[in-house]
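# Working through the structure, step by step
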Amino acid sequence: MRPFPLKQLRLAWHDAGKYNKNIEEWPLRGGANGSLRFEIEIKHAANAGLVNALKLLQPIKDKYSGVTYADLFQLASATAVEEAGGPKIPIKYGRVDVSEPEQCPEEGRLPGKLTVKEEISNSKQNKFGNCRF
C-alpha cells in the first residue's frame with residue numbers, strides 16, 4: 001500500500017476518533033468535525049506526522065472551498081481504502097466543521113502510539129458503547 005492511503009486513513013480516524021458519547025454538547029463531544037486542521041490539535045502527541053496528510057489535502061480544500069474539512073477527511077479515507085484494493089465505501093456528506101481552535105478537544109482523547117487495531121478496539125470499548133463495527 002502506498003503512503004498516501006495510510007496517511008489519509010489515519011487522518012480521518014484521528015479526526016473522528018475523539019468522539020465521546022458522555023459529552024452532550026457539540027462540538028465538545030468531538031467526532032468527525034474537521035478540528036484536526038487547527039495547530040493546537042495537530043500538535044497532539046497522538047497526531048504525530050498527520051500534518052503531512054493535512055498538507056496533501058489542502059490544495060483540494062483550496063480548490064473546493066465549499067467542502068468541509070470533516071467531509072474531506074472522511075472522503076479521503078474512503079478513497080484510500082478503495083485505492084488500496086478495499087471496497088467502495090458509500091459516503092454521506094454534510095458534516096459541520098468546528099470554526100475555531102477553542103472548539104478542539106483536549107489532548108488525551110486518543111491513545112498514544114498504538115496499532116490501528118488497538119486504537120479501534122480501545123475506542124469501541126471506551127467511546128462508542130454498544131455500536132457495532
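Residues numbered from 1 in each chain as written. Predicted model: local features only at pLDDT ≥ 70, side-chain atom pairs only at ≥ 80, totals over all residues. Heavy atoms only, no water.

## Overview of the overall build of the protein
Across its full length, the protein holds five helices and zero strands. Counting from the amino terminus, helix and strand elements in the protein follow one another as α-α-α-α-α. For the protein, the residues scored as buried account for 37% of the 133 residues in total. Contacts spanning at least 24 positions in sequence make up 64% of the contacts within the protein whose residues lie at least 6 apart. Surface summary for the protein: the accessible area is close to 8,200 Å², and the carbon and sulfur share equals 56%. (Helix = DSSP H or I, 4+ residues; strand = E, 2+ residues; numbered from the N terminus. Buried < 20%, exposed > 50% of the residue type's maximum accessible area, 1.4 Å probe, protein only. Contact = heavy atoms within 4.5 Å. Areas by Shrake-Rupley, 256 points an atom, 1.4 Å probe, with all protein chains shown as cover.)

## Describing the side chain of His14
Mapping His14 onto the fold places it in helix α1 (residues 3–16). Within the structure, the side chain of His14 is placed 3.4 Å from the backbone oxygen of Ala46, a separation counted as a polar contact. (Polar contact = N/O pair within 3.5 Å; in protein donor to acceptor, adjacent residues only side chain to side chain.)

## Structural notes on the nonpolar core
One finds Leu11, Leu36, Ile42, Leu50, Ala53, Leu54, Leu57, Tyr69, Leu72, Phe73 and Ala76 forming the largest nonpolar core, which totals eleven residues. Of all the secondary-structure elements, those providing two or more residues to this core are α3 (50–63) and α4 (69–83). Beyond its immediate sequence surroundings of up to four residues, Ala76 is in contact with Gln8 and Leu57. (Core = buried A, V, L, I, M, F, W, Y, C linked by side-chain atoms within 4.5 Å.)

## What about the packing of aromatic side chains?
Under the criterion given, the structure shown has one aromatic pair. One residue, Lys61, lies across the ring of Tyr69, its end atom 5.0 Å from the ring centre. (Phe/Tyr/Trp six-rings, centres within 6.5 Å; stacked < 30°, edge-to-face > 60°. Lys NZ or Arg CZ within 6 Å of the ring centre and 35° of its normal.)

## Quick word on the pattern of salt bridges
Tallied over the entire structure, the rule returns six salt bridges. Linking Asp15 and Lys18 is a salt bridge whose minimum nitrogen-to-oxygen distance equals 3.5 Å. Between Lys43 and Glu39 there is a salt bridge, with its nearest N and O atoms 2.7 Å apart. For the pair shown, Lys43 and Glu39 are each scored as exposed. One continuous salt-bridge network, built from bridges that share partners, spans Asp15, Lys18 and Glu41. (Salt bridge = Lys/Arg side-chain N within 4 Å of Asp/Glu carboxyl O.)

## What about the packing of α3 against α4?
It is the contact of α3 with α4, at a shortest axis distance of 11 Å, that shows an interaxial angle of 120 degrees. Crossing of α3 against α4: the hand is right-handed. Within the contact between the two elements, α3 uses Leu54, Leu57, Gln58, Ile60 and Lys61 and α4 uses Tyr69, Leu72, Phe73 and Ala76. In terms of residue class, the contact of α3 with α4 is made up of seven nonpolar, one polar and one charged. (Axes fitted to C-alpha atoms, helices over the stretch in contact; angles between N-to-C directions. Left-handed = near helix turned anticlockwise from the far one by under 90°. Nonpolar A, V, L, I, M, F, W, Y, C, P; charged D, E, K, R; others polar.)

## Topic: the side chain of His44
Note that His44 resides in the loop between α2 (39–42) and α3. Engagement of the side chain of His44 in a polar contact is seen with the backbone oxygen of Ile40, the distance being 3.4 Å. Apart from residues no more than four positions distant in its own chain, His44 is found in contact with Pro105, Glu106 and Glu107.

## Observations concerning α4
In this model, α4 (15 residues) spans 20 Å end to end at C-alpha, consistent with the 21 Å of a helix rising 1.5 Å per residue. In the segment just after α4, Gly85 is the residue with positive phi, at about 100 degrees. (Expected span 1.5 Å × (residues − 1).)

Without other data, these values stay purely geometric and don't point to any function.
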